[in-house]
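What follows is the residue order along each chain.
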Amino acid sequence: MTIQRQFLSDSTPALHQAVEYLRSLHPPGQTWDLHDLTIAVPGRRAIRRLTELLVESAGDSGLLPPSIVTTGQLPEQLYEPDSPI
């Protein structure tokens, strides 16, 4: 798994910038396939808002959403446990 960090400016809201960046990586008119991404945000409210922005930006072309987790849930996404918890 390759981790790619993208730094955002403080000129506009971060979630809007994140959606614009993700949109710039995918051609318009096709189903927006983000299912292989994991995005970490500060809290559940940010998860809801980011999901809303992604759906709005996808429009009629469709969206395969990414996995959006809080920063507290992120460590479990980065490794496979040796034994069941």
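Scope of this entry: the structure provided in the associated data block. (Residues numbered from 1 in each chain as written. Predicted model: local features only at pLDDT ≥ 70, side-chain atom pairs only at ≥ 80, totals over all residues. Heavy atoms only, no water.)

Section: helix α2 (residues 44–58)
Taking 1.5 Å of rise per residue, 15 residues should cover 21 Å, and α2 covers 21 Å from first to last C-alpha, within 8% of that figure. Residues of α2 that are buried include every one of A46, I47, L50, L53, L54 and A58, and no others. Along the long axis of α2, the arc covered by the buried residues comes to 135°, so they all point the same way. Seen from the open side of α2, the exposed residues pointing more than 90 degrees away from its buried face are R44, R45, R48 and E56. Where α2 is buried, its residues touch α1 (14–24), β1 (32–33), β2 (38–41), β3 (63–64) and β4 (67–70). Note on α2: the residue one or two positions beyond its end, G59, has a positive phi of about 60°. (Helix = DSSP H or I, 4+ residues; strand = E, 2+ residues; numbered from the N terminus. Expected span 1.5 Å × (residues − 1). Buried < 20%, exposed > 50% of the residue type's maximum accessible area, 1.4 Å probe, protein only. Arc of directions from axis to C-beta. Contact = heavy atoms within 4.5 Å.)

Re the nonpolar core
Within the largest apolar cluster, 13 residues are counted, with the highest numbers of intra-cluster contacts made by V19, L22, W32, V41, L50, L54 and I68. Elements that contribute at least two residues to this core include exactly α1, β2 and α2. Ranked by the residues each element gives to this core, the list is headed by α2, at 6 residues. (Core = buried A, V, L, I, M, F, W, Y, C linked by side-chain atoms within 4.5 Å.)

Remarks on the packing of aromatic side chains
This model, assessed by the stated rule, comprises 0 aromatic pairs. One Lys or Arg, R23, reaches over the ring of W32 and ends 4.0 Å from the middle of that ring. (Phe/Tyr/Trp six-rings, centres within 6.5 Å; stacked < 30°, edge-to-face > 60°. Lys NZ or Arg CZ within 6 Å of the ring centre and 35° of its normal.)

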